[in-house]
Amino acid sequence: MAKKICPVCGAPQPDRPVISAGACLRCGFSAAYIECFAGMKSFDDWVQKVSTKSRQLIRNLQAKCKSGNIFVLTNEGLAYLSPVSHSVRLFMETGEEKVGDGIRQYSVSERNQVFLRQDGTVLAEGENVYGQLNVSEWKEIRHVCAAPRCIYGLTQKGSIVFAGSVFHPKISEWEGIEKLTSGNYHLVGLKNDGTVCIAGNMLDPAIYETVKSWKDVADIAAAGDCTLALTHQGTVLFAGREDDGRSDVSKWSNITAVAVDSVYAFGLTSDGNILVAGECRNAFLDMGRKDAVFWKNIVAFSCCRSGIAAVEKNGKLHLAGNILGKDNIQKYYNEFVYRTVADELVKSLSI
């Protein structure tokens, strides 16, 4: 007989006895495995409790995954930063690889990967043509950003350090920065007062002026030719070409996270749905990315240049776009890994 599944988090009913036979050991829902109801009212009350608990779990996991930068998609696979063991595991076409321990944050570009250790020091790997691996002496770092030809770090005081070919010298003058994100030719910084800094080249001057006018910003995202901002009200701002279909993000609301690739902008709603703005007229090049709108109960997502990964509340993975070996990655992850990830995500809520 198949095991019953918790309707809130998807955990199977445990084999061993528990204090309450109907309780889920993963998410704590006390009525997870009830088999009989006194009547329709009792059943309706249970359904309402499941819905309320599920929405609460999705919101809590979204906040945890976002603050911890737990999932990072690259063109070659998905990196998972465990919020429990603080190790980085990379899932690729060839299998799983453990690539770091004692890690607070992981950032990657097409040429480099960067590990921010829990003690505030930094390790960088990959190409060193521009000296971007020269980060061994950095200390008291709280955030890192791997960009093309350069690696950036934020100190505890909010100032910026960098190694490699910097986008623009004025970046070193930025202060009070909370987060950095990079396009191919520009760097964007979110300040602690909710305003945004931008520097670089190859973009229309009007884009820079638009970004500098933003206020009350909670998060940022960037692609090669555009920048997004998520406001504290859950709306999204766009800076890019006027005819860019990704500008439709301005119509969104109730958004908790944003991401963007070379064609699409993605927004995650508080109830676990994904919104998509933009257009790829070639179905082959789209590679299923626009179908992300059909994914449900999503707690985290990440974009690379032309792909998207999303993780459900039960730990299961969705992949679409130009990702090397994506079918093998998704199959391996969903067969052997997702329950461990789900356990760790829920456990991390109480850490």
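Up top you'll find the structure we're talking about.
Heads up: these notes are all about the structure in this document.

## Quick word on the layout of surface pockets
Logical step 1: What the second largest pocket holds in volume is close to 200 Å³.
Logical step 2: Taken together, 12 residues form the lining of the second largest pocket, with Ala11, Pro12, Pro14, Leu25 and Asp343 sitting closest to its centre.
Logical step 3: When the residues that make up the lining of the second largest pocket are grouped by side-chain class, the tally is 5 nonpolar, 1 polar and 6 charged.

## Some words on the nonpolar core
Logical step 1: Ranked by internal contacts, the top residues of the largest apolar core, which has 37 residues, are Cys6, Cys24, Phe29, Phe71, Leu317 and Tyr333.
Logical step 2: Counting residues per element, this core draws most heavily on helix 1 (residues 40–68), which supplies 6 residues.
Logical step 3: Formed by 16 residues, the second largest nonpolar core is a distinct cluster that contains Leu268, Ile274, Ala292 and Cys303.

## Focus: unusual backbone geometry
Logical step 1: Of note, His86 is a non-glycine position whose phi angle comes to about 60°, a positive value.
Logical step 2: Inspection of the secondary structure assignment puts His86 in the loop between strand 2 (77–81) and strand 3 (88–92).
Logical step 3: One non-glycine residue, Asn297, lies in positive phi territory at about 55°.
Logical step 4: Its place among the elements puts Asn297 in the loop between helix 3 (283–286) and strand 20 (298–304).

## Examining helix 4 (residues 326–336)
One full turn of an α-helix is made of 3.6 residues, so residues set three or four places apart face in the same direction.
Logical step 1: Those residues of helix 4 that sit buried are Lys326, Ile329 and Tyr333. Viewed along the axis of helix 4, the buried residues span an arc of 60°, placing them on a single side of the element. In helix 4, those exposed residues whose orientation departs by more than 90 degrees from the buried face are Asp327, Lys331 and Phe336.
Logical step 2: On its buried side, helix 4 packs onto strand 1 (71–74), strand 2, strand 3, strand 21 (307–312), strand 22 (317–321) and helix 5 (338–348).

## Details of the sheet that holds strand 9 (residues 150–155)
Logical step 1: What the 3 strands build is an open sheet, ordered 8-9-10; its pairing is antiparallel. Strands with a single pairing partner mark the edges of an open sheet, and in this sheet they are strand 8 (141–147) and strand 10 (160–164). On average, each strand axis in the sheet is tilted by 20° relative to the strand beside it, whichever way the strands run.
Logical step 2: For strand 9 and strand 10, the ladder comprises 5 bridges, and the chain directions are antiparallel. Pairing of Gly153 across the sheet is with Val161, part of strand 10.

## Overview of the pairing of strand 17 (residues 255–260)
Logical step 1: Of all 6 residues making up strand 17, 5 are buried, and the element is well covered by its neighbours.
Logical step 2: Of the pairings in the sheet, the one linking strand 17 to strand 18 (residues 265–269) comprises 5 bridges and is antiparallel in character. Paired with Ala257 across the bridge in strand 18 is Leu268.
Logical step 3: As consecutive antiparallel partners, strand 17 and strand 18 are separated by 4 residues.

## Comments concerning the sheet that holds strand 1
Logical step 1: Strand order in the open sheet formed by 4 strands is 1-2-3-4, and the pairing between neighbours is antiparallel. With partners counted over all chains shown, the strands left at the sheet margins are strand 1 and strand 4 (95–100), one partner each. Ignoring which end each strand starts from, the neighbouring axes of this sheet average 20° apart.
Logical step 2: Pairing of strand 1 with strand 2, which is carried by 4 bridges, proceeds in the antiparallel orientation. Pairing of Thr74 across the sheet is with Gly77, part of strand 2.
Logical step 3: Against the sheet, helix 4 contacts strand 1, strand 2, strand 3 and strand 4, and its axis sits at roughly 130° relative to strand 3.

## Regarding a nonpolar patch on the surface
Logical step 1: On the surface, Met40, Phe43 and Val47 cluster together into a nonpolar patch covering about 270 Å² of accessible area.
Logical step 2: Within the fold, Phe43 resides in helix 1.
Logical step 3: For Phe43, a relative accessible area of 32% gives the class partly exposed.

Conventions adopted
Residues numbered from 1 in each chain as written. Predicted model: local features only at pLDDT ≥ 70, side-chain atom pairs only at ≥ 80, totals over all residues. Heavy atoms only, no water. 1 Å grid on protein atoms, 1.4 Å probe; cavity = no way out; pocket = protein on both sides within 12 Å on 5 of 7 lines; lining within 4 Å. Points joined across faces, edges and corners; volume = space filled by probe spheres on them. Nonpolar A, V, L, I, M, F, W, Y, C, P; charged D, E, K, R; others polar. Core = buried A, V, L, I, M, F, W, Y, C linked by side-chain atoms within 4.5 Å. Buried < 20%, exposed > 50% of the residue type's maximum accessible area, 1.4 Å probe, protein only. Helix = DSSP H or I, 4+ residues; strand = E, 2+ residues; numbered from the N terminus. Arc of directions from axis to C-beta. Contact = heavy atoms within 4.5 Å. Pairing = 2+ DSSP bridges. Axes fitted to C-alpha atoms, helices over the stretch in contact; angles between N-to-C directions. Patch = residues over 30% accessible without salt bridge, like charges linked within 9 Å, V, L, I, M, F, W, Y side chains within 5 Å. Areas by Shrake-Rupley, 256 points an atom, 1.4 Å probe, with all protein chains shown as cover. Salt bridge = Lys/Arg side-chain N within 4 Å of Asp/Glu carboxyl O.

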